[in-house]
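Fold and contact review
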Amino acid sequence: MAVSEVRAARGVGGIKQPVCPSRLILEHVTSRWGVLVLVALLERPYRFSELRREVGGVSEKMLAQTLQTLERDGFVHRDAKPVIPPRVDYSLTPLGIEAAEQVSALARWTERQVDAVQAARAAYDEARA
């Protein structure tokens, strides 16, 4: 068995393979809106309109698609209550909490590094000018 086959069998380097199913999951969890929805839901459950305001800048369509994708992947629980007017609450599943904690750490790191990244961009642009 080749080294790459052994590594793939052990789950090492799988994400680098073009057909690895984890790539799609990674795309969903780390998408622009996926990260922001997971981080918001880590705080508490939200109704759709509350979540839209909390995330800020997301369209209704994109939020609905993101929530549906995250629900399908098992990260988000959708609780539709049969009342008038309809009430739907969104919360994280145990798997969603774990994913949200991971992307939240990355988001916090990103916030702390804004100045360093902007300085690097300025230096790069100046060197190219």
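This section reports on the structure supplied with the text. Starting from 1, residues in each chain are numbered consecutively following that chain's sequence as written. Local features in a predicted model are, by the rule used here, given only for residues with pLDDT of at least 70; side-chain atom pairs are given and counted only at 80 or more, and totals for whole chains, interfaces and linings are based on all residues. Hydrogens and water are ignored here; the side-chain numbers use all heavy atoms of the structure.

1. A word on the pattern of salt bridges
The following threshold applies: Salt bridges are identified by distance alone: a Lys or Arg side-chain nitrogen within 4 Å of an Asp or Glu carboxyl oxygen.
As enumerated under the stated definition, the model contains five salt bridges in all. For Arg-52, the salt bridge goes to Glu-60, with nearest N and O atoms at 3.7 Å. A salt bridge links Arg-87 to Asp-89, with the nearest nitrogen and oxygen atoms 3.1 Å apart.

2. Description of the environment of Val-39
Note the cut-off: To qualify as a helix, a DSSP run of H or I must reach at least 4 residues; to qualify as a strand, a run of E must reach at least 2; elements of each kind are numbered from the N terminus. A contact between two residues is defined here by any heavy atoms of the two lying within 4.5 Å.
Along the polypeptide, Val-39 turns up in helix α3 (residues 32–43). In the structure, Val-39 is positioned 65 residues away from Ser-104 in sequence and 5.7 Å away in space, judged by C-alpha atoms. Setting aside chain neighbours within four positions, we find Val-39 in contact with Val-103 and Ser-104.

3. Regarding the side chain of Ser-104
Formally: A 3.5 Å cut-off defines polar contacts: any pair of N or O atoms within that distance qualifies, except that in protein one atom must be a possible hydrogen donor and the other a possible acceptor, and neighbouring residues in sequence count only when both atoms are side-chain atoms.
Turning to its location among the elements, Ser-104 is positioned in helix α6 (residues 94–112). A polar atom in the side chain of Ser-104 sits 2.8 Å from the side chain of Arg-108. Contact partners of Ser-104, with chain neighbours within four places excluded, come to Val-39 and Leu-42.

4. Examining the nonpolar core
Note the following rule: Take the buried Ala, Val, Leu, Ile, Met, Phe, Trp, Tyr and Cys residues and link them wherever side-chain atoms come within 4.5 Å; each set so joined is a nonpolar core. Relative accessible area decides the class of each residue, using a 1.4 Å probe on protein chains only: under 20% of the type maximum gives buried, over 50% gives exposed, and in between gives partly exposed.
Ranked by size, the top nonpolar core spans 22 residues in total, and within it Val-37, Leu-38, Leu-41, Leu-51, Leu-67 and Val-76 carry the most contacts. If you list the elements that add at least two residues to this core, you get α3, α4 (48–55), α5 (60–72), β3 (87–92) and α6. When residues in this core are grouped by element, the largest group, six residues, is from α3.

5. Details of the sheet that holds β3
Strand pairs in the sheet, formed through backbone hydrogen bonds, run parallel or antiparallel to each other. What counts, and what does not: Think of it this way: DSSP has to see at least two bridges between two strands before they count as a pair.
Read from one edge to the other, the open sheet built from three strands follows the order β1-β3-β2, with strand pairing classed as antiparallel. The strands lining the two open edges of the sheet, one partner per strand, are β1 (46–47) and β2 (76–81). Sheet topology note: the β2/β3 ladder contains six bridges and is antiparallel. Bridging from a neighbouring strand, Asp-79 pairs with Asp-89 of β3.

Everything listed here is a matter of coordinates, which is why it stays silent on function.
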